[in-house]
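# Understanding the architecture of this molecule
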Amino acid sequence: MQTDIDPRSLIGRKAFDRNGVKIGTVDEVYLDDATGEPEWAAVRTGFFGRDAFVPLEPSELRDDALRVPFDRSLVKGAPDFGVGRHLSPEQELQLYHHYGLQVPPPQTEHPTPDAPPFGHVAGDQEGPRPTG
């Protein structure tokens, strides 16, 4: 995904699957603790639905919407961790496996000092943190 996009600008955008079928609306964006880069988006999947996590890489921002390269059914079947909380490394690993993505090597860097201060919710565990 384009890394020069402000993660807060993703919130409220519509999300579509690989076939152009609407998945839902982006509720939150989760940043990697080590890099401060947007890593996951929580997408509200329906009026009474739940939020499903989708990877921002290899997703794309096109035509003012988030285009996710997976079928809607796969997104809706993603593990449900709730939103507004910090994703643990174990939860993140489950998401990578669910989407069949290669797990990135562990980051040994410290959080970037110029990363925007998006609401880090849970202690000092490593893993993505929500914005919003």
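Presented here is a report on the structure given in the accompanying data block. On a predicted model such as this, the values are computed, not experimentally measured, just so you know.

For the structure shown, the criterion picks out six salt bridges. Between Asp64 and Arg13 there is a salt bridge; the shortest N-O distance is 2.4 Å. On the criterion of sequence distance, the pair formed by Asp64 in the loop between strand E5 (60-62) and strand E6 (65-67) and Arg13 in the segment before strand E1 (14-16) is long-range, its members being 51 residues apart. We classify Asp64 as exposed; its relative accessible area is 57%. Residue classification places Arg13 among the buried positions, given a relative accessible area of 18%.

The subject of this paragraph is the environment of Arg85. As for its placement among the helices and strands, Arg85 is situated in the loop between helix H1 (72-76) and helix H2 (89-98). Given the relative accessible area of 48%, Arg85 is considered partly exposed. Measuring from C-alpha to C-alpha, the distance between Arg85 and Tyr30 comes to 9.5 Å, with 55 residues separating the pair along the chain. Engagement of the side chain of Arg85 in a polar contact is seen with the backbone oxygen of Phe81, the distance being 2.6 Å.

Before going further, it helps to spend a moment on the side chain of Asp33. For Asp33, the position within the fold is in the loop between strand E2 (22-31) and strand E3 (38-44). A polar atom in the side chain of Asp33 sits 2.9 Å from the side chain of His86.

Right, let's get into the packing of aromatic side chains. What characterises a pair of aromatic rings is the spacing of the ring centres plus the angle enclosed by the ring planes. The full count for this structure, using the stated rule, is four aromatic pairs. Summarising the aromatic geometry, the rings of Trp40 and Tyr96 are spaced 5.1 Å apart at their centres and angled 75° between planes, so their arrangement reads as edge-to-face. Separated by 56 residues along the polypeptide, Trp40 in strand E3 and Tyr96 in helix H2 bring together distant segments of the chain. Chaining the aromatic ring pairs together yields one cluster made of Tyr30, Phe53 and Phe81.

So, on to unusual backbone geometry. In this structure, the amide linkage connecting Glu57 to the following residue, Pro58, adopts the cis form with an omega of 25°. Although it is not a glycine, Asp63 adopts a positive phi angle of roughly 50°. Structurally, Asp63 is set in the loop between E5 and E6. On the accessibility criterion, Asp63 (69% relative accessible area) is exposed. Positive phi, close to 65°, is recorded for Asp64, a residue that is not glycine.

Thresholds applied
Residues numbered from 1 in each chain as written. Predicted model: local features only at pLDDT ≥ 70, side-chain atom pairs only at ≥ 80, totals over all residues. Heavy atoms only, no water. Salt bridge = Lys/Arg side-chain N within 4 Å of Asp/Glu carboxyl O. Helix = DSSP H or I, 4+ residues; strand = E, 2+ residues; numbered from the N terminus. Buried < 20%, exposed > 50% of the residue type's maximum accessible area, 1.4 Å probe, protein only. Polar contact = N/O pair within 3.5 Å; in protein donor to acceptor, adjacent residues only side chain to side chain. Phe/Tyr/Trp six-rings, centres within 6.5 Å; stacked < 30°, edge-to-face > 60°.

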